[in-house]
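What follows is each chain in one-letter form.
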Amino acid sequence: MTGRHDGVSSGLARTWPFVLAVWIGSRAFFFAVGAIGHAYVGFAQPGGSPREPPGFLDYWAHWDGGWYAAIADRGYFDKASTSFFPLYPILVRFADHLPGGTAFWGVAVSTACLLATLYFLYETAEELFGARAARAATLAFAFFPSAFFMNAVYSESVFLAATAGTVWALRVRRHFLLACLFAYFAMAARNVGIFLLVPLLYDLVRRRETPLREGALGLVGSLGGLVAYMLYLDKGLGDPLYFAVAQRETWGRALTNPVHTMHKAWTTGVFGARYAFHPHAIFGNDGVEPAFKAADTFNLILFGLLVVLLLLGILKLPVDLWVYSFLVILAPILTPSPLWALTSFNRYMLACFPLFFALGWVLAKSRLLLGAWLVASAGFGVYLTLLFVTWRWVA
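Note that the coordinates shown come from a computational prediction; the quantities given were computed from them, not determined experimentally.

Parameters and conventions
Here the residue numbering is sequential within each chain, running from 1 through the sequence in written order. The predicted origin of the model limits local features to residues at a pLDDT of at least 70 and limits the giving and counting of side-chain atom pairs to 80 or more, whereas totals for whole chains, interfaces and linings rest on all residues. In computing side-chain properties, one takes all heavy atoms of the structure into account and sets aside hydrogens as well as water. Disulfides are defined as cysteine sulfur pairs within 2.5 Å. Throughout this description, the term nonpolar core refers to a set of buried Ala, Val, Leu, Ile, Met, Phe, Trp, Tyr and Cys residues connected via side-chain atoms within 4.5 Å. The rule is simple: take the accessible area with a 1.4 Å probe, protein chains only, and divide by the maximum for that residue type; under 20% is buried, over 50% is exposed, in between is partly exposed. Segments assigned H or I by DSSP are reported as helices when at least four residues long, segments assigned E as strands when at least two residues long, and all are numbered from the N terminus. Contacts between residues were defined by any pair of non-hydrogen atoms, one from each residue, lying within 4.5 Å. The quantity called pLDDT is the predictor's confidence in a given residue, expressed from 0 to 100. As a rule, the C-alpha atoms of each element are fitted with a line to give its axis, helices using only the stretch in contact, and angles between N-to-C directions run from 0 to 180 degrees. With respect to orientation, any angle under 35 degrees is reported as roughly parallel, any angle over 145 as roughly antiparallel, any angle of 65 to 115 as roughly perpendicular, and every other angle as oblique. By the convention adopted, Pro, Cys, Tyr, Trp, Phe, Met, Ile, Leu, Val and Ala count as nonpolar, Lys, Arg, Asp and Glu as charged, and the other residues, Gly among them, as polar. The aromatic pairing rule takes the rings of Phe, Tyr and Trp, using the six-membered ring of Trp, and pairs them if the centres are within 6.5 Å, calling planes under 30 degrees apart stacked, those over 60 edge-to-face and the rest tilted. Each ring is checked for a lysine NZ or an arginine CZ that lies within 6 Å of its centre and within 35 degrees of its normal; such an atom marks a charge sitting over the ring. Only residues whose relative accessible area exceeds 30% and that form no salt bridge are eligible for patches; like-charged ones are grouped when within 9 Å, while nonpolar side chains (Val, Leu, Ile, Met, Phe, Trp, Tyr) are grouped when within 5 Å. Computed with the Shrake-Rupley method and a 1.4 Å probe, the accessible areas treat only the protein chains shown as cover for residues. Between Lys or Arg on one side and Asp or Glu on the other, a salt bridge is scored when a side-chain nitrogen of the former is within 4 Å of a carboxyl oxygen of the latter. The sign given to each residue is positive for Lys and Arg and negative for Asp and Glu; His and the chain ends receive no count. Just so you know, the charge point we use is NZ for Lys, CZ for Arg, CG for Asp and CD for Glu. N or O atoms within 3.5 Å of each other form a polar contact, as long as, within protein, one can give a hydrogen and the other can take it, and as long as residues adjacent in sequence are counted only when both atoms are side-chain atoms. Directions are taken from the helix axis to each C-beta atom, and the arc is the one they span. Expected span of a helix, by definition, is 1.5 Å for each gap between consecutive residues, and there is one gap fewer than residues. Crossings are assigned a handedness: left-handed for a near helix turned anticlockwise from the far helix by less than a right angle, right-handed for a clockwise turn.

Visitor: An account of the state of the cysteines is needed here, citing residue identities and associated values.
Guide: With the rule as written, the count across this model stands at zero disulfides. Unpaired in terms of disulfides, Cys352 finds its nearest cysteine sulfur in Cys113, a separation of 19 Å.

Visitor: Which residues make up the nonpolar core, and what are the values?
Guide: In this structure, Trp60, Phe141, Leu306 and Phe388 are the most contacted members of the largest nonpolar core, which totals 136 residues. Ranked by the residues each element gives to this core, the list is headed by helix α4 (residues 102-129), at 14 residues. Sequence-distant contacts of Phe141, defined by excluding residues within four places in its chain, comprise Leu114, Thr117, Leu118, Leu121, Ala147, Met150, Leu160, Leu350, Phe353 and Phe356.

Visitor: I'd like a rundown of the confidence of the model for the protein chain, residues and numbers included.
Guide: The pLDDT averaged across the protein chain works out to 93; a share of 97% of its residues lies at or above 70. In this model residues 1-6 is a low-confidence stretch, pLDDT under 50, and it forms 16 contacts with partners more than four residues away in sequence or in other chains.

Visitor: Would you mind going over the packing of helix α8 (residues 197-207) against helix α9 (residues 212-222) in detail, with residue names and values included?
Guide: The interhelical angle for the contact between α8 and α9, taken along N-to-C directions, is 175°, at an axis separation of 11 Å. When the interaxial angle is binned, α8 and α9 end up roughly antiparallel. Mapping the contact onto sequence places Leu197, Leu200, Leu201 and Leu204 in α8 and Gly215, Leu219 and Ser222 in α9. Residue classes in the contact of α8 with α9 are distributed as five nonpolar, two polar and no charged.

Visitor: Outline the packing of aromatic side chains, supporting the account with residue identities and numerical values.
Guide: One pass over the structure, following the stated rule, counts 47 aromatic pairs. Relative to Trp251, the ring of Trp67 has its centre 5.5 Å away and its plane inclined at 65°; by these criteria the two rings are edge-to-face. Residue Trp67 is found in helix α2 (residues 64-74), and its partner Trp251 is found in helix α11 (residues 242-251); the two are separated by 184 residues along the sequence. Residue classification places Trp67 among the buried residues on the basis of a relative accessible area of 10%. It is Lys365 that lies over the ring of Trp361; its NZ or CZ is 4.1 Å from the centre.

Visitor: A description of unusual backbone geometry should follow, citing residues and the corresponding values.
Guide: Residue Ser344 is not a glycine yet carries a positive backbone phi of 70°. Checked against the element boundaries, Ser344 lands in the loop between α15 (319-334) and α16 (345-348). Here Ser344 falls in the buried class, since its relative accessible area comes to 5%. Look at Trp391: it is not a glycine, yet its phi comes out positive at around 65°. For Trp391, the position within the fold is in the segment after α18 (367-389).

Visitor: Which residues make up a positive patch on the surface, and what values go with them?
Guide: Positive charge collects at one region of the surface, where Arg132, Arg135, Lys365 and Arg367 lie side by side. When you line up the elements, Arg367 lands in helix α18. Take Arg367: its relative accessible area is 79%, and that puts it in the exposed class.

Visitor: How would you summarise the side chain of Arg171 if you had to cite specific residues and measurements?
Guide: Its location among the elements puts Arg171 in helix α6 (residues 156-171). With a relative accessible area of 10%, Arg171 lands in the buried category. Among the polar contacts listed, one links the side chain of Arg171 to the side chain of Asp320, at a separation of 2.7 Å. In this view, Arg171 contacts Thr124, Glu127, Leu128, Tyr202, Arg206, Pro318, Asp320 and Leu321; residues no more than four positions away in its chain are not counted.

Visitor: Tell me about α8, residues and numbers included.
Guide: By the burial criterion, the buried members of α8 are Pro199, Leu200, Asp203, Leu204 and Arg207. For α8, the angular spread of the buried residues around the axis is 135°, confining them to a single face. In the core, the buried residues of α8 are packed alongside α6, α7 (176-187), α9 and α15. Downstream of α8 by one or two residues, Arg208 has phi in the positive range, about 55°.

Visitor: Please set out a nonpolar patch on the surface residue by residue, giving values where relevant.
Guide: On the surface, Val307, Leu311, Ile314 and Leu315 cluster together to form a nonpolar patch covering roughly 400 Å² of accessible area. Within the element layout of this structure, Leu315 appears in helix α14 (residues 289-316).

Visitor: Kindly report on the pattern of salt bridges, identifying the contributing residues and their values.
Guide: A side chain of one charge can pair with a side chain of the opposite charge if their charged atoms are brought near each other. Under the criterion given, the structure shown has eight salt bridges. Here Asp320 ties to Arg171 by a salt bridge, and the two come within 2.7 Å at their closest N and O atoms. Taken as a pair, Asp320 in helix α15 and Arg171 in helix α6 lie far apart in primary sequence, 149 residues in all. Put simply, Glu289 and Lys293 hold a salt bridge, and the shortest N to O gap is 3.4 Å.

Visitor: Please give an account of α6 that cites residues and values.
Guide: Between its first and last C-alpha atoms α6 spans 22 Å; for 16 residues at 1.5 Å apiece the expected length is 22 Å, and the two agree. α6 sits mainly inside the fold: 16 of its 16 residues count as buried.

Visitor: So what about the side chain of Ser81? Which residues, and what values?
Guide: In this structure, Ser81 sits in the loop between α2 and α3 (87-95). There is a polar contact of 2.7 Å between the side chain of Ser81 and the backbone oxygen of Asp78. In this structure Ser81 touches Trp67, Ile71 and Tyr76, once residues within four positions along its chain are discounted.

Visitor: If you had to explain the packing of α6 against α15 to someone new, which residues and values would you point to?
Guide: Across the interface, α6 lies against α15 with an axial gap of 12 Å and an inter-helix angle of 165°. It follows from the interaxial angle that α6 and α15 lie roughly antiparallel. Note on packing geometry: the crossing formed by α6 with α15 is right-handed. Of the residues in α15, those touching α6 at Phe159, Thr163, Val167 and Arg171 are Asp320, Leu321 and Tyr324.

Visitor: Give a description of the environment of Arg74 that names residues and reports values.
Guide: Take Arg74: it is sitting in helix α2. A sequence separation of 15 residues divides Arg74 from Pro89, and the C-alpha atoms of the two residues are 9.9 Å apart.

Spelled out as structure tokens, the structure:
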């Protein structure tokens with residue numbers, strides 16, 4: 001382990017140049033791919049409602065982006081919309097008072113939050129495994145195939161900035177109350193933010209530097225983002241857990257035997273290979289069905305990678321970060337879509353950011369290995385980005 005307690009200014013000087021370069025390079029890459037796809041690749045028939053808002057960069061607001069943009073524009077407009085947590089649309093709404101349009105500001109908020117995420121990820125990885133592993137982990141995360149969602153009008157970047165900030169505050173700054181503040185925002189961004197209680201409690205018990213009273217207040221305060229939303233739902237709909245009801249009634253997500261989930265994932269993933277490995281079958285028409293079937297294959301491949309990283313994480317990661325990652329990804333497996341078992345898995349996997357620390361540790365051992373990984377990852381990312389910006393299903 002490499003301990004770094006030389007002060008904030010020294011940390012900024014060593015971290016920011018690399019983080020900024022990765023942020024600019026990765027975002028330029030995905031923005032360029034998205035713009036080219038939007039301009040030159042034929043669109044599929046748009047699906048879902050609400051649709052993306054008109055305006056600059058509207059092609060980054062497809063699918064769930066339309067929901068987030070609609071909530072940012074007019075608040076929670078029906079019961080189904082309450083399944084989307086409030087922090088991200090609130091930030092977009094604040095920014096949208098300036099000229100540019102909802103899609104533009106949604107992209108701006110996501111992109112800005114990714115910069116914070118990369119900083120927290122780099123600093124924490126360096127604390128755990130050293131500078132080389134931190135650089136590899138940051139690159140692997142920024143160019144991960146589904147990292148284009150960090151450009152999109154989706155809540156991924158906001159949630160990850162808050163969750164990675166929580167772990168950074170615990171592991172690098174050693175500041176428990178700051179970590180609780182980050183956790184507050186994470187729980188207002190997505191329901192799985194509740195699992196941050198694992199590293200918070202672990203830190204409270206392991207280090208024993210925070211007075212019990214102060215720690216208890218911090219933990220209670222960290223729940224504030226979730227509790228505030230639950231109170232809002234209770235007042236408006238009479239059920240503080242209505243976000244779960246909305247997920248079940250709108251998208252059919254209900255508690256399911258994980259064995260059944262994985263059996264279905266394997267079946268649909270193998271079947272979808274006939275489309276996934278033949279892009280002409282997807283882009284050669286304006287239908288969305290081939291892309292939906294191919295998404296099962298993409299998600300099954302990434303699930304295999306997740307299993308490998310979880311096994312590696314058992315050996316390399318602090319126990320609290322491993323448990324957090326396991327719980328975050330277990331949640332959608334226990335409550336899958338009835339049609340596609342691993343729906344949205346490729347972007348949910350980003351939430352398991354501690355696993356990228358372990359991945360960085362492996363990739364840092366060889367420049368050739370790191371280079372090959374980045375080329376393959378970015379190439380896969382081109383494919384997925386083109387699907388997304390042309391209204392073809394990815395997640």
